[in-house]
Amino acid sequence: MTATLSRDLPLPRSEPIAIHRVLDHFEKQSPELFGCLSENLDFRIDHFHDEADVSWQSASSLAEMAVVLQRLAVDIFPKGTKVTGMSSLDLGDGWFVTRFTHRFYYGVRQCNCESATIIVSHESDGKLDYFRETVTDVTSLE
């Protein structure tokens, strides 16, 4: 599926680009997420000004991605997550930058939190093949 995208305006969550589909499936905890990922995947999550060990939050294959998602589900998002905002800018040639906000019970802190992240992604043939998320903050709500 190819969407006609505007490079001037933020793309709403409803725009069917790969990063939006991946994040929608992540929120639903749906295995359909894997259908949105390329076999040739380059995935990593980083944190800005946070001392959390994120060395395990990277993958270069679908098998490695399954391990990362399983650990995220158990350690970080044991009660899932609720997307509160998502919009992307089309940078051209399959590249996007996405602002993603969500609320979740954070297993590390054992409390409800909200977080804002910035994601740089690339898609080819409708599948996500590059993902770099920078978690900019995690705020406790309690």
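Refer to the structure presented above.
What counts and how
- Residues numbered from 1 in each chain as written.
- Predicted model: local features only at pLDDT ≥ 70, side-chain atom pairs only at ≥ 80, totals over all residues.
- Heavy atoms only, no water.
- Pairing = 2+ DSSP bridges.
- Helix = DSSP H or I, 4+ residues; strand = E, 2+ residues; numbered from the N terminus.
- Patch = residues over 30% accessible without salt bridge, like charges linked within 9 Å, V, L, I, M, F, W, Y side chains within 5 Å.
- Areas by Shrake-Rupley, 256 points an atom, 1.4 Å probe, with all protein chains shown as cover.
- Salt bridge = Lys/Arg side-chain N within 4 Å of Asp/Glu carboxyl O.
- Buried < 20%, exposed > 50% of the residue type's maximum accessible area, 1.4 Å probe, protein only.
- Contact = heavy atoms within 4.5 Å.

Undergrad: I would appreciate a short explanation of the pairing of strand 5 (residues 95–106) in the present structure.
TA: For a regular strand, side chains alternate in direction, first toward one face of the sheet and then toward the other. As judged from the ten bridges shared by strand 4 (residues 81–92) and strand 5, these two strands associate in the antiparallel manner. Counterpart to serine 88 in the pairing with strand 5 is threonine 98. Following strand 4, the chain reverses through two residues before pairing antiparallel with strand 5; aspartate 93 in that reversal takes a positive phi of roughly 55°. Pairing analysis gives twelve bridges linking strand 5 to strand 6 (residues 111–124), with the strands arranged antiparallel.

Undergrad: Even after reading the chapter, I still don't get a nonpolar patch on the surface, so can you show me in this structure?
TA: On the surface, Leu89, Leu91, Trp95 and Val120 cluster together into a nonpolar patch covering about 300 Å² of accessible area. Mapping valine 120 onto the fold places it in strand 6.

Undergrad: Where do I start with the environment of isoleucine 17 in this structure?
TA: With respect to the helices and strands, isoleucine 17 occurs in the loop between strand 1 (11–12) and helix 1 (18–28). Distance from isoleucine 17 to serine 124, taken between C-alpha atoms, is 10 Å for residues 107 residues apart in sequence.

Undergrad: Even after reading the chapter, I still don't get the pattern of salt bridges, so can you show me in this structure?
TA: Pairs may arise between side chains of opposite charge once their charged atoms sit close together. Scanning all chains against the criterion turns up seven salt bridges. A cluster of three or more residues bridged by salt bridges with shared partners is formed by Arg13, Asp24, Glu27 and Lys82.

Undergrad: Can you help me understand helix 1 in this one?
TA: Every α-helix winds through 3.6 residues per turn, so residues three or four apart in the chain are directed the same way. Counting buried positions along helix 1 yields eight of eleven residues, so the element is predominantly enclosed. Listed as buried for helix 1 are Ala18, Ile19, His20, Val22, Leu23, Asp24, His25 and Glu27. On the buried face of helix 1, the contacting elements are strand 1, strand 2 (37–47), strand 4, strand 5, strand 6 and strand 7 (127–140). Just beyond helix 1, the residue with positive phi is glutamine 29, at close to 55°.

Undergrad: Sorry if this is basic, but what is going on with the environment of glycine 92 here?
TA: Mapping glycine 92 onto the fold places it in strand 4. By relative accessible area, which is 12% here, glycine 92 ends up buried. Between the C-alpha atoms of glycine 92 and glutamine 29, which are 63 residues apart in sequence, the distance is 29 Å.

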